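# Descriptive structure summary
So you can see what is in the structure, the chains are spelled out below.
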Amino acid sequence: MTVRAEPFVVNLGPQHPSTHGVFRLRLTLDGERIIDADMVMGYLHRSMEKLAEERTYTQNIPFTDRTDYLAAMTGNLAYVIAVEQLCGIEPPERAQWLRTIMCELQRIASHCMAVGIFANDCGAWQTPVMHMLRDREKVLDLFEMACGARLTLNYMRIGGVSRDVPPEFMPAARKLIKELPKKLNEYEDLLLENEIIVERSRGIGVLTPEQAMANSVSGPMLRASGVAWDIRKADPYAAYDKVDFDIAVGVHGDVYDRFVVRLAEMRQSVKILEQTLDLIPDGPVHAQLPTATVQPIDQPVAPLAIRPPVGEAYGRIESPRGELGFYLVSDGSPAPFRFHIRSPSYINLTPLKLMSVGGTVADAIVILGSVDIIVGEVDR
Amino acid sequence: MLSNGLSVTKIITGLDIAHRIEQMFPAAVEDALPEAATVTPAQLLDACSFLRDDPELKFEFLSSLTAVDRLEYFEVVYHLTSIRLNQMTAIKVKTTGRENPRVPSVTPIWPGANLQEREAYDLMGIVFVGHPDLRRVFLWDGFDGWPLRKDYLIGPGGRFPGLERFPGESPEPLGGRG
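Quick summary incoming for the structure in this document. (Residues numbered from 1 in each chain as written. Chains lettered and ligands numbered in written order. Predicted model: local features only at pLDDT ≥ 70, side-chain atom pairs only at ≥ 80, totals over all residues. Heavy atoms only, no water.)

### Describing the pattern of salt bridges
Two side chains with opposite charge may pair up if their charged atoms get near one another. Scanning all chains against the criterion turns up 45 salt bridges over all chains. Here Arg 150 of chain A and Glu 144 of chain A are joined by a salt bridge, their closest N and O atoms 2.7 Å apart. Judged by its relative accessible area of 38%, Glu 144 of chain A falls in the partly exposed class. Linking Asp 133 of chain B and Arg 118 of chain B is a salt bridge whose minimum nitrogen-to-oxygen distance equals 3.8 Å. Placement of the pair is Asp 133 of chain B in the segment after strand 8 (127-129) and Arg 118 of chain B in helix 3 (residues 113-124), with a sequence separation of 15 residues. With a relative accessible area of 29%, Asp 133 of chain B lands in the partly exposed category. Connected via shared salt-bridge partners are Glu 104, Arg 107, Arg 223, Asp 230, Arg 232, Glu 265 and Glu 318 of chain A. (Salt bridge = Lys/Arg side-chain N within 4 Å of Asp/Glu carboxyl O. Buried < 20%, exposed > 50% of the residue type's maximum accessible area, 1.4 Å probe, protein only. Helix = DSSP H or I, 4+ residues; strand = E, 2+ residues; numbered from the N terminus.)

### Quick notes on the side chain of Ser 343 of chain A
Residue and element names in this part refer to chain A. Residue position: Ser 343 is located in the loop between strand 10 (338-342) and helix 12 (344-348). Owing to a relative accessible area of 1%, Ser 343 belongs among the buried residues under this scheme. In this structure, Ser 343 is in contact with Leu 324, Glu 377 and Arg 380, ignoring residues within four places of it in sequence. (Contact = heavy atoms within 4.5 Å.)

### Observations concerning the nonpolar core
Across soluble globular proteins, you tend to see nonpolar side chains buried next to one another. Judged by nonpolar contacts, the single largest core of 161 residues is most densely connected at Leu 349 of chain A together with Ile 21 and Tyr 78 of chain B. Among the elements that line this core, the one with the most residues is helix 4 (residues 93-122) of chain A, at 13 residues. Every residue in contact with Tyr 78 of chain B, bar those within four places of it in the chain, is listed here: Leu 44, Leu 62, Ser 64, Leu 65, Thr 89, Ala 90, Ile 91, Val 93, Val 103, Pro 104 and Val 106 of chain B. Of all hydrophobic cores here, the second largest spans seven residues; its members include Tyr 314, Tyr 327 and Val 329 of chain A together with Met 88 of chain B. (Core = buried A, V, L, I, M, F, W, Y, C linked by side-chain atoms within 4.5 Å.)

Here it is in structure tokens:
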């Protein structure tokens with residue numbers, strides 16, 4: 001005989017370490033089983049889309065650092081790709097390669113956090129995440145060399161990147177790339193067979209390939225469900241068409257596979273970086289913007305305003321969390337008429353109820369950890 | 001195909017997709033531009049299930065759903081991706097006027113529209129008829145107004161949003177929209 005208890009509501013968050021920021025999950029429980037999950041968002045809503053309509057295209061680049069603040073490079077790149085589509089600007093070759101290098105370094109840094117915090121959620125309290133943070137710091141050191149910032153980087157520019165990397169960047173990057181595979185071996189030895197992680201994550205939060213695609217899930221979550229879809233391969237941007245790498249794909253679509261896919265992607269990022277550091281050509285890092293879209297301004301102190309022609313563009317890239325897209329509408333003025341961010345963290349939450357209903361409270365925590373949300377990107 | 005065997009996403013223009021939809025539903029297309037085809041709200045769901053299920057289109061993945069305030073009316077923009085055929089297209093729906101904008105919800109076709117439609121409702125005030133759970137998502141219940149609309153005033157003094165001119169720019173028009 002099953003005993004049914006009175007439905008009971010538990011608020012997970014907004015201040016709770018496992019919600020990865022200020023995100024609240026309202027769980028309705030029947031005993032330990034989840035019967036309903038409701039997401040409450042907006043604690044970090046800064047109305048970026050409205051603010052961006054008041055600023056010029058160049059002034060909007062720093063906003064894109066502050067959406068997904070653990071992957072500022074990819075946020076920058078998706079936005080400038082959308083503006084370049086709108087204006088028809090082609091960045092020079094070296095800028096494309098620098099963009100590829102920065103995005104892959106960013107993917108390693110971001111997945112370090114994702115995997116480390118996921119281990120935290122599973123109960124491996126702080127030790128794995130400290131190891132991961134140690135390696136992430138080294139990537140941030142490289143970013144500091146390239147653009148002076150560690151978190152909100154503001155490195156990409158419309159038509160290229162803000163500046164070329166200093167001479168000491170390439171040797172330092174090579175040194176890091178040489179060290180990383182050893183560290184990845186260490187993490188795999190430490191975590192992949194770890195009984196607590198396996199027991200808590202295998203078979204939990206399963207999404208079939210059909211469910212994942214229908215729910216617009218993208219990134220490592222989609223690939224963990226067995227769908228080999230990666231925009232770097234399917235629709236190459238920057239210099240991804242010139243490098244060789246594999247798409248990491250899972251089988252079961254459960255929480256464990258998402259974690260394995262992220263670890264495997266870090267190895268593929270190292271593989272891409274090895275090639276880019278050898279193949280990167282010399283040359284300018286910023287395109288000459290066409291005069292039709294840049295109007296000279298009579299006051300020499302004022303920067304140039306980019307005025308894209310009337311039209312619209314949807315630029316998308318593969319961010320560490322999935323398909324990051326920017327939909328821009330231009331009316332010919334120096335500010336976008338509409339600025340919309342298709343953020344993977346937000347849309348990957350769509351099947352959260354589907355994944356967690358029927359599980360336990362402990363499952364909800366690892367499921368949320370496996371989605372790898374960044375609340376700055378969820379709420380914008 | 002690129003030299004190393006990689007493919008590039010095929011973009012199906014709004015004109016082509018409008019032609020395909022018209023063959024199935026002759027009265028469904030309102031307008032077609034290279035960026036996107038505009039579908040009538042009455043036949044949106046028919047057109048969308050056709051786009052999802054047609055063997056040559058197979059748009060099973062709703063990439064992005066968003067709304068734009070076009071001053072006289074609102075439009076909802078759908079960016080669709082076919083993962084199996086690696087192609088992309090965009091369709092739009094226009095509302096009639098600014099008062100009480102209503103558009104059918106595509107959640108029965110793409111469950112991934114759920115949160116995105118809630119966001120468009122929350123910030124632009126578009127009612128998606130048939131949505132299972134249409135509530136505010138970022139703002140609190142009882143918030144007055146729809147912030148992403150162009151007539152929503154921001155800042156002290158009620159400045160009208162939208163930058164006409166770059167700060168410090170000459171008042172003489174230099175091309176573009178002066």
